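Residue strings, one per chain:
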Amino acid sequence: DGGITQSPKYLFRKEGQNVTLSCEQNLNHDAMYWYRQDPGQGLRLIYYSQIVNDFQKGDIAEGYSVSREKKESFPLTVTSAQKNPTAFYLCASSPPGHIAKNIQYFGAGTRLSVL
Amino acid sequence: AQKVTQAQTEISVVEKEDVTLDCVYETRDTTYYLFWYKQPPSGELVFLIRRNSFDEQNEISGRYSWNFQKSTSSFNFTITASQVVDSAVYFCALSEARDYSGAGSYQLTFGKGTKLSVIP
């Protein structure tokens, strides 16, 4: 089945530690996105990538890093510089075409907590 | 900057009641796209509908219907004869066709969501 797979479902981070959230898609989509969701809040864009080896910062990129070495994969690293990482992280992808009108399809999310 | 407001934070209805979720948006563009997503307790966002700014026809899909009114910048969502399975957080979102940031960014801006609880 085609879809977006995020792993792990739950992740715990110790103080000063970097952690990486995985996002893989087999939909042959060009664009991929990372969002952060806090309780009672909408989704805020962290990073997005329209093509392999290229990515752009979103509204809240500080303390995060990404890579896009393969079309199918867009991992997100939460670095120790992110002082408040506890949140629900959602990965999405969208098909080719005008990015503004494209429907974004979402994974099931990763819930990150700080120990 | 584009903005989406969902004034209703939480709504509770009894099963079989109709319920309308409000969405008001702000944009400087004449061409834009509006979306509704559903987030059940499992967490994954599920796409429901996309509407472009030139199409003001209301849409009905089963028990779901959407009322798009450019004059009031609103894109409201109605669930008829609600069911327990409709319990979820619903998000309205907006993207502008033009990149005003100059960074090649076409951001999808989400409202804060409305949590709908349908009580049996």
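It should be noted that the structure appears before, not after, this text.
Residues numbered from 1 in each chain as written. Chains lettered and ligands numbered in written order. Predicted model: local features only at pLDDT ≥ 70, side-chain atom pairs only at ≥ 80, totals over all residues. Heavy atoms only, no water.

## A few points about unusual backbone geometry
Looking along the chain, the bond that leaves Ser7 of chain A and enters Pro8 of chain A is cis, with omega of -10°. Despite not being glycine, Lys16 of chain B shows a phi value in the positive range, around 85°. Tracing the backbone shows Lys16 of chain B in the loop between strand E2 (10–14) and strand E3 (19–21). According to the relative accessible area criterion, Lys16 of chain B is exposed, its value standing at 68%. Of note, Ser73 of chain B is a non-glycine position whose phi angle comes to about 50°, a positive value. For Ser73 of chain B, a relative accessible area of 23% corresponds to the partly exposed category. (Helix = DSSP H or I, 4+ residues; strand = E, 2+ residues; numbered from the N terminus. Buried < 20%, exposed > 50% of the residue type's maximum accessible area, 1.4 Å probe, protein only.)

## Digging into the state of the cysteines
Residue and element names in this part refer to chain A. Under the counting rule described, the total for this entry stands at two disulfides over all chains. At a sulfur-sulfur separation of 1.9 Å, the disulfide partner of Cys23 is Cys91. On the sign convention where negative means left-handed, the S-S torsion of about -75° between Cys23 and Cys91 marks this disulfide as left-handed. Placement of Cys23 in strand E3 (residues 19–25) and of Cys91 in strand E9 (residues 87–94) is noted, with a sequence separation of 68 residues between them. (Disulfide = S-S within 2.5 Å.)

## What to know about the interface of chain A and chain B
Contact with chain A, which involves 24 residues of that partner, is made by 23 residues of chain B. Summing both partners gives a buried area of about 1,900 Å² for chain A against chain B, and 55% of it is carried by carbon and sulfur. Where chain A packs against chain B, one counts zero salt bridges. Contributions of two or more residues to the side of chain A that touches chain B are made by strand E4 (31–37), strand E5 (43–51) and E9 of chain A. Broken down by element, the residue count for the side of chain A that touches chain B peaks at four residues, all from E5 of chain A. Residues of the side of chain A that touches chain B, tallied by class, amount to 11 nonpolar, 11 polar and two charged. (Contact = heavy atoms within 4.5 Å. Buried area = accessible area lost by both parts, 1.4 Å probe. Salt bridge = Lys/Arg side-chain N within 4 Å of Asp/Glu carboxyl O. Nonpolar A, V, L, I, M, F, W, Y, C, P; charged D, E, K, R; others polar.)

## Quick word on the pairing of E3 of chain A
All names here are of chain A. Side chains of E3 alternate between two faces, with Val19, Leu21, Cys23 and Gln25 buried and Thr20, Ser22 and Glu24 left unburied. The pairing of strand E1 (residues 4–7) with E3 spans four bridges and is antiparallel. Directly across from Ile4, in E3, lies its bridge partner Gln25. The sheet contact formed by E3 and strand E8 (residues 76–78) spans three bridges and is antiparallel. The residue bridging Val19 from the neighbouring strand is Val78, located in E8. (Pairing = 2+ DSSP bridges.)

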